[in-house]
Amino acid sequence: MIGRLNHVAIAVPDLDAASAQYRTMLGADVGAPQDEPDHGVTVVFINLPNTKIELLYPLGEASPIQGFLDKNPAGGIHHVCYEVDDILAAREHLLKEGARVLGNGEPKIGAHGKPVLFLHPKDFNGCLVELEQV
């Protein structure tokens, strides 16, 4: 059901410093920051030949990333994102198998302008999983 690894998301306490680190130390192709108010984050994508890294920074006081950073002040891996062909079929299959979909269970539009869902980390070995329809 899952396809390619779309990205690994890393929560960071300083978006400018993290972007500069990837750009200067690793010579990476670092995109511009983009606000995602529906998700409470500002993101920067780092384009790699085989996938992307998504840097996450809190946007607004209700940001779920702020809670993560409160527990992990230095930042850290927040989630992995896998591609799926049909997000609604994937959701139905996962629910039937006993997985929990976060939020109200309906896809939201993600940072790439495509539908996304998040799956409960307790159902996936402690890892928050995002699915993105491609």
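What counts as what
Residues numbered from 1 in each chain as written. Predicted model: local features only at pLDDT ≥ 70, side-chain atom pairs only at ≥ 80, totals over all residues. Heavy atoms only, no water. Helix = DSSP H or I, 4+ residues; strand = E, 2+ residues; numbered from the N terminus. Rg over C-alpha atoms; globule rule 2.2 N^0.38 Å. Buried < 20%, exposed > 50% of the residue type's maximum accessible area, 1.4 Å probe, protein only. Contact = heavy atoms within 4.5 Å. Areas by Shrake-Rupley, 256 points an atom, 1.4 Å probe, with all protein chains shown as cover. Lys, Arg positive; Asp, Glu negative; His and termini not counted. Charge placed at Lys NZ, Arg CZ, Asp CG, Glu CD. Arc of directions from axis to C-beta. 1 Å grid on protein atoms, 1.4 Å probe; cavity = no way out; pocket = protein on both sides within 12 Å on 5 of 7 lines; lining within 4 Å. Points joined across faces, edges and corners; volume = space filled by probe spheres on them. Polar contact = N/O pair within 3.5 Å; in protein donor to acceptor, adjacent residues only side chain to side chain. Core = buried A, V, L, I, M, F, W, Y, C linked by side-chain atoms within 4.5 Å.

A. Broad picture of the overall build of the protein chain. Summing up its helical and strand segments, the protein chain has three helices and nine strands in all. Relative to the globule expectation of 14 Å for 134 residues, the C-alpha radius of gyration of the protein chain, 15 Å, shows essentially globular dimensions. Each of the three principal axes of the protein chain carries a C-alpha extent, and together these read 45 × 30 × 25 Å. The burial tally for the protein chain puts 43% of its 134 residues in the buried class. In the protein chain, 54% of the contacts between residues at least 6 apart in sequence involve partners at least 24 apart. For the protein chain, the exposed surface amounts to about 7,400 Å²; the carbon and sulfur share of it is 54%. Computing the positive centroid from 10 side-chain charges and the negative centroid from 18, the protein chain places the two 5 Å apart.

B. Summary view of helix H1 (residues 15–25). Among the residues of H1, those classed as buried are Leu15, Ala18, Ser19 and Tyr22. Down the axis, H1 shows its buried residues gathered within 100 degrees of arc, on one side only. In H1, the exposed positions that point more than 90 degrees away from the buried face belong to Asp16, Thr24 and Met25. Along its buried surface, H1 packs onto strand S1 (5–11), strand S2 (29–30), strand S4 (41–47) and strand S5 (52–58). Positioned one or two residues after H1, Gly27 has a phi angle of 65 degrees, which is positive.

C. Summary view of the layout of surface pockets. The calculated volume of the largest pocket comes to roughly 610 Å³. Lining the largest pocket are 30 residues, and of these His39, Pro64, His78, Phe118 and Leu128 sit closest to its centre.

D. View of unusual backbone geometry. Here Asn125, not a glycine, exhibits a phi torsion of approximately 55 degrees, which is positive. Note on placement: Asn125 falls in the loop between strand S8 (115–119) and strand S9 (128–133).

E. Structural view of the side chain of Thr42. Among the structural elements, Thr42 can be located in strand S4. A distance of 2.7 Å separates the side chain of Thr42 from the side chain of Asp35, its partner in a polar contact. Setting aside anything within four residues of it in sequence, one finds Thr42 in contact with Leu15, Pro33, Gln34, Asp35, Leu55, Leu56, Tyr57 and Leu59.

F. How the structure looks around the environment of Asn125. Of the residues examined, Asn125 reaches a relative accessible area of 82% and is grouped as exposed. Spatially, the C-alpha atoms of Asn125 and Ile10 are 18 Å apart, while their sequence positions differ by 115 residues.

G. Quick peek at helix H3 (residues 87–96). Among all positions in H3, only Ile87, Ala90, Arg91 and Leu94 are buried. For H3, the buried positions fall inside an angular range of 100 degrees around the axis, keeping them on one side. As for H3, its buried residues are in contact with strand S6 (76–84), S8 and S9. Of the residues that open H3, the one with a side-chain oxygen 3.1 Å from the backbone nitrogen of Leu88 is Asp86. One or two positions beyond H3, positive phi appears at Gly98, with a value near 100 degrees.

H. The arrangement of the nonpolar core in detail. With 23 residues, the main nonpolar core has Tyr22, Ile46, Ile53, Leu55 and Leu131 as its most contacted residues. Among all residues touching Leu55, those that are not within four sequence positions of it are Ile10, Val12, Leu15, Ala18, Ser19, Tyr22, Thr42, Val43, Val44 and Ile46. Formed by nine residues, the second largest nonpolar core is a distinct cluster that contains Ala9, Leu56, Ile65 and Phe68.

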